[in-house]
Amino acid sequence: MVDTTYQVRGMTCGHCVSAVSAEVGAIAGVRDVQVDLATGRVTVTSEQPVAVESVRAAVDEAGYDLVEA
Ligand SMILES: [Cu+2]
């Protein structure tokens, strides 16, 4: 398993957390998504490293922005 942490901008409440978790969690190979609302940190646990483009697309789909690393 691989843990990767991303920074997401725009989340303000538990609904935002759910939306991001659902979209990112739907990426193939992703096993777990932990969102820290206070910091905007999103930690993705996956079987293989996930392409950042996939994470960006999922975060976009949820309505938020992935901050450039
Ligand atoms: Cu919200």
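Residues numbered from 1 in each chain as written. Predicted model: local features only at pLDDT ≥ 70, side-chain atom pairs only at ≥ 80, totals over all residues. Heavy atoms only, no water.

Student: Outline the coordination of the copper ion, listing residues and values.
Tutor: At 2.0 to 2.1 Å from the copper ion lie its protein donor atoms, namely C13 (SG) and C16 (SG). For C16, a relative accessible area of 5% gives the class buried. (Donors = N, O, S within 2.8 Å, 3.2 Å for Na, K, Ca; no water. Buried < 20%, exposed > 50% of the residue type's maximum accessible area, 1.4 Å probe, protein only.)

Student: Describe helix 2 (residues 52-62), and please don't skip the residues or the numbers.
Tutor: Within the span of helix 2, buried status applies to V55, A58, V59 and A62. The arc that holds the buried residues of helix 2, viewed along the axis, is 100°, so those residues lie on one side. The exposed residues of helix 2 that point more than 90 degrees off its buried face are E53 and E61. Buried residues in helix 2 make contact with strand 1 (2-9), helix 1 (14-25) and strand 4 (65-66). Count one or two residues on from helix 2 and you reach G63, which has phi positive near 105°. (Helix = DSSP H or I, 4+ residues; strand = E, 2+ residues; numbered from the N terminus. Arc of directions from axis to C-beta. Contact = heavy atoms within 4.5 Å.)

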